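# Notes for the structure review
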Amino acid sequence: MKVSLLLLLGGLLNGAAAEESFSDWVEVYPETYEQIESFYLAHDCKPYQNHGAIYDIDEARFLSFEEIAVFLPAQKEHFSPDQCEMKVAPDELTNVWSYAKALPAQGRIVVFYDISVNSKGESMLQKLPFSEEFKALYHERVDVLSSITSLPKYRVITPSSLSGG
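Residues numbered from 1 in each chain as written. Predicted model: local features only at pLDDT ≥ 70, side-chain atom pairs only at ≥ 80, totals over all residues. Heavy atoms only, no water.

## Examining the environment of Asp24
Mapped onto the secondary structure, Asp24 falls in the loop between α1 (16–21) and β2 (26–28). Look at Asp24 and you get partly exposed, because its relative accessible area is 43%. A C-alpha to C-alpha distance of 10.0 Å links Asp24 and Ser147, two positions 123 residues apart in sequence. With sequence-adjacent residues up to four places away left out, Asp24 is seen in contact with Ser146 and Lys153. A distance of 3.1 Å separates the side chain of Asp24 from the side chain of Lys153, its partner in a polar contact. (Helix = DSSP H or I, 4+ residues; strand = E, 2+ residues; numbered from the N terminus. Buried < 20%, exposed > 50% of the residue type's maximum accessible area, 1.4 Å probe, protein only. Contact = heavy atoms within 4.5 Å. Polar contact = N/O pair within 3.5 Å; in protein donor to acceptor, adjacent residues only side chain to side chain.)

## Things to note about the pattern of salt bridges
Under the counting rule described, the total for this entry stands at seven salt bridges. A salt bridge links Glu27 to Arg155; the shortest N-O distance between them is 2.9 Å. Placement of the pair is Glu27 in strand β2 and Arg155 in strand β7 (residues 153–156), with a sequence separation of 128 residues. Linking Glu67 and Arg61 is a salt bridge whose minimum nitrogen-to-oxygen distance equals 2.6 Å. Here the salt bridges do not stand alone but share partners, grouping Glu27, Asp114 and Arg155 into one network. (Salt bridge = Lys/Arg side-chain N within 4 Å of Asp/Glu carboxyl O.)

## Re empty space enclosed by the protein
Applying the stated criterion across every chain, the model contains one cavity of 30 Å³ or more. Every residue along the wall of the largest cavity is listed here: Tyr40, His51, Ala53, Phe62, Gln83, Cys84 and Met86. Looking at side-chain class alone, the lining of the largest cavity contains five nonpolar, two polar and no charged residues. (1 Å grid on protein atoms, 1.4 Å probe; cavity = no way out; pocket = protein on both sides within 12 Å on 5 of 7 lines; lining within 4 Å. Points joined across faces, edges and corners; volume = space filled by probe spheres on them. Nonpolar A, V, L, I, M, F, W, Y, C, P; charged D, E, K, R; others polar.)

Structure representation (structure tokens):
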């Protein structure tokens, strides 16, 4: 069985309730998990699911955890300290996401790499045995990231490469 992504154990999910929190997010659907994985590995980074990040369009790079902590101090605990500070042009990012539209012309965006979905569009957290604590933490992360109204938000949803999902 191939493990698609490293899961951050500090987050969680339950599906229907989470969907309500994502109402003002732009959803992007890369064709495969492998394209996200290859992209991150090519930048000497590890790909994570259930992972929030801040991308600075003007500087064409992801912020470090320390920069996120200064920029969004009240929400910092919902971002992983394992931030990859890669430099990547906005069009390269949208290309790896298989997203046909352009990002905003300037500013910063919230990026949330959500838990993969199976071929029926069901979250793998609904299909795999995650603890209630994990699910509660996932919902808390989603709620906090969703409360950031000053930035556009992008939810990256990859297809699961686990068989039988």
